[in-house]
Every structure is written in structure tokens, then in C-alpha cells.
Amino acid sequence: MEKIAVWVEHRQNEIRDITFEMLGKAHQLVGDGGQVIALFLGDPSQKGLLDKITPHAHRTVAYLDSNLKDFEPLRYQAAFADIFEKVDCQLILMGQTAFGMDFAPAVAARWEIPFTTDIVDVEVDGGLIAVRQMYSGKVSAKVSLKEADKMLCTVRAGAFPAEDLPTVSGEVQEITGAVEGDFSARAFVEYLEAAVGDVDITQADVIVSVGRGIKDADNIPVAQELADALGGVVACSRPVADKKWLPKERQVGTSGKTVKPKVYIALGISGAFQHQAGMKNAGTIIAVNKDPKAPIFGIAHYGIVDDLFKVVPALTEKVKELRGWGNSDK
Ligand SMILES: Cc1cc2nc3c(=O)[nH]c(=O)nc-3n(C[C@H](O)[C@H](O)[C@H](O)COP(=O)(O)OP(=O)(O)OC[C@H]3O[C@@H](n4cnc5c(N)ncnc54)[C@H](O)[C@@H]3O)c2cc1C
């Protein structure tokens, strides 16, 4: 594969990590001599964002229009129509994000191009083969995309590293856009930051996270005590938030928060991909689970196969001892 385009995703004037993750993968796929093309749609005032992108793309196509400051699907589709034919590439990568999930299917449908969603890997083996996970990550499927001039994939956040991207000296092609049409069916109204709650788990260095294995709200203090001893916070998987054992703001995962602590301790969490997506980039992952086949062990740096109600109090005691807290002097 010689030419791959990456749609640059930005929100609130920040390039989102998924963009760098896709750029890295695109470089790996095209190899030496290939071309990575960044596709940027935005407002002229956001041109400064390109400084972060252009060092990592052989070519950047920047379509600038004052109506493209915030992601609005209909306007973005119209803008994309202006550049689609001009961008010579075999594959387009977009994020499997709220924006990408809205945008990519419309692009695929409009140009009738082969399209695979939520991929966690992609390789060239004769044709283009995308890897997707099924049944909550228990099975990986290889999907062969029908050969076409252009193909499109949406990439799961966190599937590829965002660091150590190759640096190239890329050219920038600016296009002054003026998208026209009736876009009244859907309009950007306001950007609302999700509630942080009493504890902001996205800022914590140490997270002790509980899953359904904690069994009852009354058992949360078991995890809280370990978190306190470590100077961390308690987070949770989705079932725990759904049952209201902890507030929704503590939920980690695709429909919760993405966290990147130094240490993530998963207690009684199976490690469904929706959960992993929110925590797999933690520095050190420690999992405690009764089931040795739990998917969380696939990404854990350290694993304990045992009953959390046996392991956690012992761990807490040990941490307190090491910190010189003793039994009663917390
Ligand atoms: C659209 C969508 C979005 C989603 N978003 C999210 C999300 O953001 N975050 C999220 O977490 N999930 C999300 N999910 C749900 C996800 O698919 C899983 O169902 C969920 O992550 C499972 O949570 P869990 O690991 O706590 O529970 P389970 O899968 O039930 O796992 C419980 C684990 O606890 C272990 N266990 C039980 N008792 C003990 C014990 N005494 N000691 C040790 N281990 C024990 C079991 O072996 C098991 O592995 C989403 C699902 C969908 C469809």
C-alpha cells in the first residue's frame, strides 16, 4: 500500500490522540517510499493545529472554511466532497469515535467504497485485511476488503501507539472552502463538558477499579481501602455504574472515561474490549480475577488468579505496612 490518508480529528481546538495513533499505523503500512496524507477540515483560525500534524505526514490537505470550526456532520460531508476526488490514496483511516462513527458511514455510502468499522489492526496481505474483535473481544475476525480505488476503515481508539511517530518533511496544501447547502437538519449548538463528579478519575495516578466481581455496593469499601492506602481513587466497569454502586463519572471504558494512570488495578473485571479501550494505556496494569481465562489478563502486566476478597485485604495490609501505617493508624 503506497498512499494512506488519515482524517485529522480535533475537538475544542485540540488534536485528538486517535489522529496520532492512525498516523503511526499509516506510516507502518506504507513503509519507506510510501505517502501518508493528513486530511484536515477546520476553521482558518485553527490552522495552528497543523503544526502538530505536518511533521508526521508527507502531505497535508487542509480544507479551511469558517463553518467547519466544530464537527457538524452535514457540513463536514459537504466539505469532504470537495476534496475526496483530489486526494490520491488507496485507504482512508478515520477514528472509531463519536465523530468518526457519524462521519465515516456517510463517506462510505456516498462514494460506495468498501468500509470496515472498529478495526484494531490492518495489514496488507495480497489485499487489505482488517482485524475486528467480536463477542466482547473473545474472537478476532479478519475482514478482507473488496479491492477498490479507495477503501475506508474506522480505527478503535488505543489500538495503536500514538508515540514515536516518524518525522517527515511534508508539504501543506491549503484549500479555502466555502461549503454550500442546506445544513439546517442538524446544527452544532453548544459543547458541553461531561460532569467530572467529586473525583476526576482521568487525573489520577493510581486507580483501583471494581467490576461485577465486587458483587455488591456494600463491598466497595474493600477497594476504597486499597485505593486510600495507595493514594489512589476508585473507578469501575459499566455494570457497577449501571447498578449505581458507584457514580457514572467513575466508569472506565468506551461509554465512560478514558484513563491513563501510572497504575491500574482491576478487581473482578473481566476485561471486555469496551472496558479495555478506556484503560489499556495505563502504565502498569494489575488484574485480580478468579477466572484465569478472563481477557483482562491479556493486557495485564501482573495478574493474580484468585478471589479478590482474599487478595485485596492482604494487599491493603501489605501496602499499609510498607507505608508504616500499621493496623489502626491509617
Ligand atoms: C455499547 C456498549 C458500551 C459499553 N461501554 C462500557 C464501558 O464504557 N465500560 C465497561 O466497563 N463496559 C462497557 N460495556 C460493557 C462490557 O461489554 C462488559 O459487559 C463489561 O465491561 C463487563 O463488566 P465486568 O468486567 O465488571 O463484568 P463481568 O464481565 O461480569 O466480569 C466480572 C468478572 O469478575 C470475576 N469475578 C467474579 N467474582 C470474583 C471474585 N470474588 N474475585 C475475583 N474475580 C471475580 C469474574 O471471573 C469475571 O471475569 C459496554 C457495552 C456496550 C454494548
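Below or above, wherever it landed, is the structure these notes cover. The structure displayed is predicted, hence computed values, not measured ones. (Residues numbered from 1 in each chain as written. Predicted model: local features only at pLDDT ≥ 70, side-chain atom pairs only at ≥ 80, totals over all residues. Heavy atoms only, no water.)

1. Remarks on the overall build of the protein chain
Then comes step 1: Along the protein chain, the regular secondary structure elements total eight helices and 16 strands.
Then comes step 2: Along the three orthogonal principal directions, the C-alpha set of the protein chain runs to about 70 × 45 × 35 Å.
Then comes step 3: Within the protein chain, residue pairs in contact and separated by at least 24 positions form 63% of the contacts whose partners lie at least 6 positions apart.
Then comes step 4: Accessible surface for the protein chain amounts to roughly 16,000 Å². Of this, 47% is attributable to carbon and sulfur atoms.
Then comes step 5: Distance between charge centres in the protein chain, computed from 36 positive and 45 negative side chains, equals 5 Å. (Helix = DSSP H or I, 4+ residues; strand = E, 2+ residues; numbered from the N terminus. Contact = heavy atoms within 4.5 Å. Areas by Shrake-Rupley, 256 points an atom, 1.4 Å probe, with all protein chains shown as cover. Lys, Arg positive; Asp, Glu negative; His and termini not counted. Charge placed at Lys NZ, Arg CZ, Asp CG, Glu CD.)

2. Let's talk about the site of the ligand
Then comes step 1: R212, S237, S255, S270 and N289 are the nearest of the 26 residues found near the ligand.
Then comes step 2: Interatomic distance of 2.7 Å between a side-chain N/O atom of Q251 and an oxygen atom of the ligand.
Then comes step 3: Interatomic distance of 3.0 Å between a backbone N/O atom of G268 and an oxygen atom of the ligand.
Then comes step 4: Isolated, the ligand exposes 980 Å² of accessible area, and the fraction of that covered by the protein chains is 75%. (Near = heavy atom within 4 Å. Polar contact = N/O pair within 3.5 Å; in protein donor to acceptor, adjacent residues only side chain to side chain.)

3. Some points on the layout of surface pockets
Empty space among the atoms becomes apparent when a probe as large as a water molecule is rolled across them.
Then comes step 1: The volume enclosed by the second largest pocket comes to roughly 280 Å³.
Then comes step 2: Lining the second largest pocket are 19 residues, and of these S237, R238, P239, A272 and H275 sit closest to its centre.
Then comes step 3: Elements with a minimum of two residues in the lining of the second largest pocket: α6 (238–242) and α7 (273–276).
Then comes step 4: Here the residues of the lining of the second largest pocket sort into four nonpolar, 13 polar and two charged. (1 Å grid on protein atoms, 1.4 Å probe; cavity = no way out; pocket = protein on both sides within 12 Å on 5 of 7 lines; lining within 4 Å. Points joined across faces, edges and corners; volume = space filled by probe spheres on them. Nonpolar A, V, L, I, M, F, W, Y, C, P; charged D, E, K, R; others polar.)

4. What to know about the packing of helix α5 (residues 220–230) against helix α8 (residues 308–322)
Then comes step 1: At a closest axis distance of 9 Å, the pairing of α5 and α8 adopts a crossing angle of 20 degrees. The pairing of α5 with α8 is recorded here as roughly parallel in orientation. Read as a crossing pair, α5 and α8 show a hand that is left-handed. Of the residues in α8, those touching α5 at V222, E225, L226, A229 and L230 are V312, P313, L315, T316, V319 and K320. (Axes fitted to C-alpha atoms, helices over the stretch in contact; angles between N-to-C directions. Parallel < 35°, antiparallel > 145°, perpendicular 65-115°, else oblique. Left-handed = near helix turned anticlockwise from the far one by under 90°.)

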